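Close look at the chain arrangement
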Amino acid sequence: MFPADIISTVEFNHTGELLATGDKGGRVVIFQREPESQTEPFSQGEYNVYSTFQSHEPEFDYLKSLEIEEKINKIRWLPQQNAAHFLLSTNDKTIKLWKVSERDKRPEGYNLKDEEGRIKDISTVTSLQVPVLKPMDLMVEVTPRRVFANAHTYHINSISVNSDYETYMSADDLRINLWHLDITDRSFNIVDIKPANMEDLTEVITAAEFHPHHCNLFVYSSSKGTLRLCDMREAALCDKHSKLFEEPEDPSARSFFSEIISSVSDVKFSHSGRYLLTRDYLTAKVWDLNMESKPLETYQVHDYLRSKLCSLYENDCIFDKFECAWNGSDSVIMTGAYNNFFRMFDRNTKRDVTLEASRESSKPRAVLKPRRVCAAGGKRRKDDISVDSLDFTKKILHTAWHPNENIIAIARCLKRIPTHTIRTHTQRFTSLLHLLLSLPELKGPRQG
């Protein structure tokens, strides 16, 4: 597998009919959900390649002698307003707005052009004709509409579209900028945590997202494990937050790795806008916007790794950034882990399950078998996997959940395999699994 083929982001559009993936080679692949077929009832929901295009190219900053990777860091869809779709994609420095449209007719009968598009000699035109539209094979066109560049000194880690559908924000390690979708030559800096002396730097911004309903509210997370909710009505520069969400640290549990594993790698508002979901290295947490002092719920993702933190630090896995996702009703959360495992937690029943995104389970309508990891020195059942046998090179960092149905998209570092209910359609890219899961039958031990 080529490094450029590794998926770096996955994102459903607002209806769930389209799924976009970005990779380290700067490409964006869009999958479309197939309509239900009476002859093939199991094909409904299968996602097939709709369009592929090169979003970003590698660049070089000559002033800073710095290479700018083409890797797609984030993709965000804009709500559909007409027949065309629009999406934002970003690498470390440049954000682009793309238009995705279909064309099934072509104009014919030009007066000044021939069929191949070449200009005719005017002296040969003896009569005028009305151009007509003729049917043609369906063609998907992807065209760049805006390029938002030169606004970030540091690497962009997040973009988020506002609920007013006119503005969006982009966040790097130290600053957050607010953009208008129609204006490319300027943006407004709304958060700046860069100290006057960089030696005084104690934290960086790790993720940021707008509130799904209130266009004035947004949240950003930090490497210190804190969340800051900001209100743009209070001030133009939101350096002073409206709310600070922080869990008090237990002094007896503090270690060399405490600050590293407490860094928030992802933050997501619930669809209702009432809760926040965050992911750090070992846990996923749900916060209530009305309670800043501690998380409402804490879920252990892979607590069995606490005894492995030293070796995970040596091989840099401790710095992996896992994403998290809500289901459509905000009742179940999902996040990735190692060994191609991913975890789901039912907030109502407090049950959790570990599932494996493996090639063996990539069969039509296959039922995923729950997996269980046995901690070092613990009692081991028949199908348990020892923590010592986990493969830390197989990791699920990027996940997405269909906005309305129990369909999830998971990226794993093998081959890209778009599937419906584990139905395989192989491409020469990195892995992508869509899994249709029966979440009401979520089984597993209760947490806490």
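Here the structure is shown first, and the text comes after it.
The rules we used
Chains are numbered independently. Their residues run from 1 in the order of the written sequence. Residues qualify for local features only when their pLDDT is at least 70, as the model is predicted, and side-chain atom pairs are given and counted only at 80 or more; totals for whole chains, interfaces and linings, by contrast, use all residues. With hydrogens and water excluded, all non-hydrogen atoms of the structure serve as input to the side-chain values. Secondary structure is summarised from DSSP: a helix means a run of H or I of at least four residues, a strand means a run of E of at least two, and numbering begins at the N terminus for each. A simple rule labels every residue: compare its accessible area, found with a 1.4 Å probe on the protein chains alone, to the largest value its type can have, and call it buried under 20%, exposed over 50%, or partly exposed in between. Note on contacts: a residue pair is in contact if any heavy atoms of the two residues lie within 4.5 Å. The accessible surface values rely on the Shrake-Rupley method and a 1.4 Å probe; as for residues, cover is taken only from the protein chains in view. Take a side-chain nitrogen of Lys or Arg and a carboxyl oxygen of Asp or Glu: if they are within 4 Å of each other, that pair is a salt bridge. A pair of strands is treated as paired once DSSP finds two or more bridges between them. Here the axes come from fitting lines to C-alpha atoms, over the contacting stretch only for helices, and the angles between their N-to-C directions go from 0 to 180 degrees.

Assigned secondary structure in the protein chain consists of two helices and 31 strands. Taking all 448 residues of the protein chain together, 50% fall into the buried category. The long-range share in the protein chain, meaning contacts at least 24 apart out of those at least 6 apart in sequence, stands at 53%. Surface summary for the protein chain: the accessible area is close to 22,500 Å², and the carbon and sulfur share equals 50%.

Summed over all chains, the structure comprises 24 salt bridges. Across the pair Glu405 and Arg33 runs a salt bridge whose closest N-O atoms are separated by 2.9 Å. Within this pair, whereas Glu405 is found in the loop between strand S29 (398–401) and strand S30 (407–411), its partner Arg33 is found in strand S3 (residues 27–33), the two being separated by 372 residues in sequence. Taking the relative accessible area as the measure of exposure, Glu405 reaches 32% and is therefore partly exposed. On the basis of relative accessible area, Arg33 is assigned to the buried category, the value being 7%. Where Asp352 meets Arg343, a salt bridge forms, and the shortest distance between an N and an O atom there is 2.7 Å. Connected through shared salt-bridge partners, Asp5, Asp23 and Arg27 make up one network.

This paragraph deals with the sheet that holds strand S8 (residues 85–90). Read from one edge of the open sheet, four strands run S7-S8-S9-S10, paired in antiparallel fashion. Strands with a single pairing partner mark the edges of an open sheet, and in this sheet they are strand S7 (74–77) and strand S10 (132–148). The average undirected angle you get between the axes of adjacent strands in this sheet is 25°. Direction of pairing for S8 relative to strand S9 (residues 95–108): antiparallel, over a ladder of six bridges. Note on S9: the bridge partner recorded for Phe86 is Lys99.

On to unusual backbone geometry. Even without a glycine there, the phi angle at Tyr165 is positive, about 60°. You can see Tyr165 is positioned in the loop between strand S11 (158–161) and strand S12 (167–171). A relative accessible area of 43% places Tyr165 in the partly exposed class. Phi is positive for Asn339, close to 65°, though the residue is something other than glycine. Its location among the elements puts Asn339 in the loop between strand S24 (332–336) and strand S25 (341–346).

Among the six residues in strand S2 (residues 18–23), six count as buried, and that is most of the element. Here S2 shows no split at all, with Leu18, Ala20 and Gly22 on one side and Leu19, Thr21 and Asp23 on the other all buried. Here strand S1 (residues 7–12) pairs with S2 via five bridges, running antiparallel. Bridging from a neighbouring strand, Phe12 pairs with Leu19 of S2. In this antiparallel pair of consecutive strands, S1 and S2, the connection spans five residues, and Gly16 shows a positive phi of 85°. By the bridge criterion, five bridges tie S2 to S3 in an arrangement that is antiparallel. Bridge assignment links Leu19 to a residue of S3, and that residue is Phe31. Adjacent in sequence and paired antiparallel, S2 and S3 are bridged by three residues, among which Gly26 carries a positive phi angle near 80°.

Everything listed is a geometric property; what it means functionally is a separate question.
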